[in-house]
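# Understanding the architecture of this molecule
Chain by chain, the residues:
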Amino acid sequence: MKKYVGLIVVIGLGCVSYAQANMDDLYKYYNPQGELTFDAERGKTLWYKKHLDKKGKERVCTTCHGEDLSKPGKHAKTGKVIDPLAASVNKERFTELKKVKKWFKRNCKWVLGRECTAQEKGDILKYLSQF
Amino acid sequence: MTFLSISHNFNQDGVIMKKISVVFILMLSVSLGNVSALHAEEGFASWLFSVERKKGVEPVADAMYNEECSACHFPYQPGWLPEGSWRKLISASALEDHFGENAELDEQTQQHIITFLAVNSADKSHYKRSKKIMASLKQDQAPTRITQVPYIIKKHDEIPEKLITKNEKVKSLSYCEKCHTKAEKGVFDDDSVFIPGHGSWSD
């Protein structure tokens, strides 16, 4: 029973603390002063840009997210299914700032070998928001 | 020393042997009595069910752990490795290179996860598999891969390569859930094994 109480508290806190964000909130987060302009075309170029890892193997965003964003992707190493990125089929996408930050950090490091700049993140969000 | 002198006497005189047997039986019954007293304290029903529940490895009962870890892989139960192993794996610096992947977490989440793993690690678990894992490790041995645990290696050493590493649908021993169909429930018996492209397994 104690276990369930803990679980309920965690879920409860989760609902309270993760306020729903929308795309505009995310743009604003990456561009608080308003000096940047985000561009979907630039985002698309970055999305499809190929990078090489230390072993010379190709890494692209689509390695895991796939070519069709309305379909599930697949983790490059473990094969774990990744839910579709397109908000049109996956309403949870881009609604939680904490998640967006976490995955940008991890995945930019995986694909590019470094963190993305605010400009790059905003551009990618603009591109992805079309799906 | 005591043992030697007893066996010496035993060779000399069969009566002493009988006495020793009586003492041995008495000791055995006392220890058994203790065990049943312990169970009586817990209540018969909980004893009955706990034996059933403690066969495998304790299932994960932490929502945050499940969410964070299963985003990329099977959420390995804490009872697969001792605390020392988890501390090596889930430190902030280790997560930056988590088996070649970046798995960084914010500090609050990382703290929650390492605490959950440490509290429920194999060295503290009463589940059968965890006990076996600990028995197979040397003192203070803390492997960073479950597949490096001697018990795990031994349990899988009869399975031919073509069914695991050379099986496109499995690829590695690391992917428990590919063959252990009840892995998430902490059940790892032979009956619940189904090797993709092959079928059930019994050794």
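Residues numbered from 1 in each chain as written. Chains lettered and ligands numbered in written order. Predicted model: local features only at pLDDT ≥ 70, side-chain atom pairs only at ≥ 80, totals over all residues. Heavy atoms only, no water.

## Some words on the interface of chain A and chain B
- Listed as interface residues are 16 residues of chain A and, on the opposing side, 20 residues of chain B.
- Across the chain A to chain B interface the summed buried area is about 1,800 Å²; carbon plus sulfur atoms make up 47%.
- Run the count over chain A and chain B and you get five salt bridges.
- Linking Lys102 of chain A and Glu68 of chain B is a salt bridge whose minimum nitrogen-to-oxygen distance equals 2.4 Å.
- Our count for the contact surface shared by chain A and chain B stands at eleven residue pairs in polar contact (both at pLDDT 80 or more).
- Element by element, the count of residues in the side of chain A that touches chain B is highest for helix H5 (residues 97-111) of chain A, at eight residues. (Contact = heavy atoms within 4.5 Å. Buried area = accessible area lost by both parts, 1.4 Å probe. Salt bridge = Lys/Arg side-chain N within 4 Å of Asp/Glu carboxyl O. Polar contact = N/O pair within 3.5 Å; in protein donor to acceptor, adjacent residues only side chain to side chain. Helix = DSSP H or I, 4+ residues; strand = E, 2+ residues; numbered from the N terminus.)

## Focus on the packing of aromatic side chains
- In the structure shown here, the tally under the stated rule is eight aromatic pairs over all chains.
- Aromatic side chains Tyr30 of chain A and Phe104 of chain A sit 6.0 Å apart centroid to centroid with 85 degrees between the ring planes, which places their arrangement in the edge-to-face category. Of the two residues, Tyr30 of chain A sits in helix H2 (residues 23-30) while Phe104 of chain A sits in helix H5, which places them 74 residues apart along the sequence. Comparing Tyr30 of chain A with Phe104 of chain A, the two get one shared label, buried.
- Ring centres 4.8 Å apart and planes at 90 degrees place the aromatic pair Trp80 of chain B and Phe188 of chain B in the edge-to-face group. With a gap of 108 residues between them, Trp80 of chain B in the loop between helix H4 (63-70) and helix H5 (83-89) and Phe188 of chain B in the loop between helix H10 (176-179) and strand E1 (194-195) connect regions that are remote in the sequence. No difference in accessibility class separates Trp80 of chain B from Phe188 of chain B, as the two residues are buried. (Phe/Tyr/Trp six-rings, centres within 6.5 Å; stacked < 30°, edge-to-face > 60°. Buried < 20%, exposed > 50% of the residue type's maximum accessible area, 1.4 Å probe, protein only.)

## Quick word on unusual backbone geometry
- One non-glycine residue, Phe94 of chain A, lies in the positive phi region at around 60 degrees.
- Within the element layout of this structure, Phe94 of chain A appears in the loop between strand E4 (81-82) and H5.
- Overall, Phe94 of chain A belongs to the buried group, its relative accessible area being 11%.
- The residue Lys171 of chain B is not glycine, and still its phi comes out positive at about 75 degrees.
- Looking at the element boundaries, Lys171 of chain B is found in the loop between helix H9 (150-156) and H10.
- Residue class for Lys171 of chain B comes out partly exposed when judged on its relative accessible area of 43%.

## Here we look at the state of the cysteines
- Per the stated rule, a full pass over the model turns up one disulfide over all chains.
- Across the disulfide, Cys108 of chain A is cross-linked to Cys116 of chain A (sulfur-sulfur distance 2.0 Å). Taking the torsion about the sulfur-sulfur bond, which here is approximately -100 degrees, the covalent link between Cys108 of chain A and Cys116 of chain A counts as left-handed.
- Look at Cys108 of chain A and you get buried, because its relative accessible area is 5%.
- Judged by its relative accessible area of 7%, Cys116 of chain A falls in the buried class.
- In this model Cys61 of chain A remains outside any disulfide bridge; the closest cysteine sulfur is found in Cys108 of chain A, 7.4 Å from its own.
- Left without a disulfide partner, Cys72 of chain B is nearest to the cysteine sulfur of Cys64 of chain A, which lies 8.5 Å away.
- On the accessibility criterion, Cys72 of chain B (18% relative accessible area) is buried. (Disulfide = S-S within 2.5 Å.)

By themselves, these observations are geometric and do not establish any function.
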